[in-house]
Amino acid sequence: MTDPIVHVVARLVPRPGKAEALATTLLEMLDEVRAEPGCLLYDAHESRDAPGVIVMVESWADQAALDAHGRAPALTRLAARFDALLAEPPAIERLRRIG
């Protein structure tokens, strides 16, 4: 049987001078996102190799839960600030565990 869990890695590169604002914005929404149905893991990490770059590590019960997250208020509010906070569009990769 195929594992329905969807793992996601999202890389967020801040605009110059916006790293702290990006981190603060993400930290403020963590609890809200973690309470969304189907959220198994939602953690923010700062890159050790590229300080200021935030890497989100996420796990969702299934694709439907991830789709709902994309429409949820927390992510909608964050996405509305992307132009002001991010130097480039988020790099999002969906993963399927193989081992």
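For the structure itself, consult the block above.
Residues numbered from 1 in each chain as written. Predicted model: local features only at pLDDT ≥ 70, side-chain atom pairs only at ≥ 80, totals over all residues. Heavy atoms only, no water.

Caption draft 1: Summary view of the overall build of the protein. Along the backbone of the protein there are four helices and four strands. Secondary structure elements of the protein, listed N to C terminal, follow the sequence β-α-β-β-α-α-α-β. Computed over the C-alpha atoms, the radius of gyration of the protein is 14 Å, within 12% of the 13 Å expected from 2.2 N^0.38 for a compact globule of 99 residues. Projected onto its principal axes, the C-alpha coordinates of the protein cover approximately 45 × 30 × 20 Å. Partitioning the contacts of the protein with sequence separation of at least 6, the portion at a separation of at least 24 is 69%. Accessible surface, the protein: about 6300 Å² in total, of which carbon and sulfur atoms supply 55%. A gap of 2 Å separates the mean positions of the 11 positive and 15 negative side-chain charges of the protein. (Helix = DSSP H or I, 4+ residues; strand = E, 2+ residues; numbered from the N terminus. Rg over C-alpha atoms; globule rule 2.2 N^0.38 Å. Contact = heavy atoms within 4.5 Å. Areas by Shrake-Rupley, 256 points an atom, 1.4 Å probe, with all protein chains shown as cover. Lys, Arg positive; Asp, Glu negative; His and termini not counted. Charge placed at Lys NZ, Arg CZ, Asp CG, Glu CD.)

Caption draft 2: Seen up close, the pattern of salt bridges. The tally for this structure, following the rule as stated, stands at three salt bridges. For the salt bridge of Arg 34 with Asp 43, the shortest nitrogen-to-oxygen distance reads 2.9 Å. The exposure class of Arg 34 is partly exposed, given its relative accessible area of 38%. With relative accessibility at 26%, the residue Asp 43 sits in the partly exposed group. One network of salt bridges, in which partners are shared, links Asp 31, Arg 34 and Asp 43. (Salt bridge = Lys/Arg side-chain N within 4 Å of Asp/Glu carboxyl O. Buried < 20%, exposed > 50% of the residue type's maximum accessible area, 1.4 Å probe, protein only.)

Caption draft 3: Broad picture of the environment of Val 55. Here Val 55 shows up in strand β3 (residues 54-60). Setting aside its immediate chain neighbours within four residues, Val 55 contacts Val 9, Ala 10, Arg 11, Asp 43, Ala 44 and His 45.

Caption draft 4: Just the sheet that holds strand β1 (residues 6-12), in detail. One open sheet accounts for four strands, arranged β2-β3-β1-β4; its pairing is antiparallel. Two strands lie at the open edges of the sheet, namely β2 (39-46) and β4 (91-95), each paired on one side alone. If you compare each strand with its neighbour and ignore which way they point, the axes differ by 15 degrees on average. Pairing of β1 with β4, which is carried by five bridges, proceeds in the antiparallel orientation. Directly across from Val 9, in β4, lies its bridge partner Glu 93. Strand contacts of helix α1 (residues 19-34): β1, β2 and β3, with the helix running at about 165 degrees to β2, the strand carrying the most contacts. Here helix α2 (residues 63-71) sits on the sheet in contact with β1, β2, β3 and β4, set at roughly 135 degrees to β3. (Pairing = 2+ DSSP bridges. Axes fitted to C-alpha atoms, helices over the stretch in contact; angles between N-to-C directions.)

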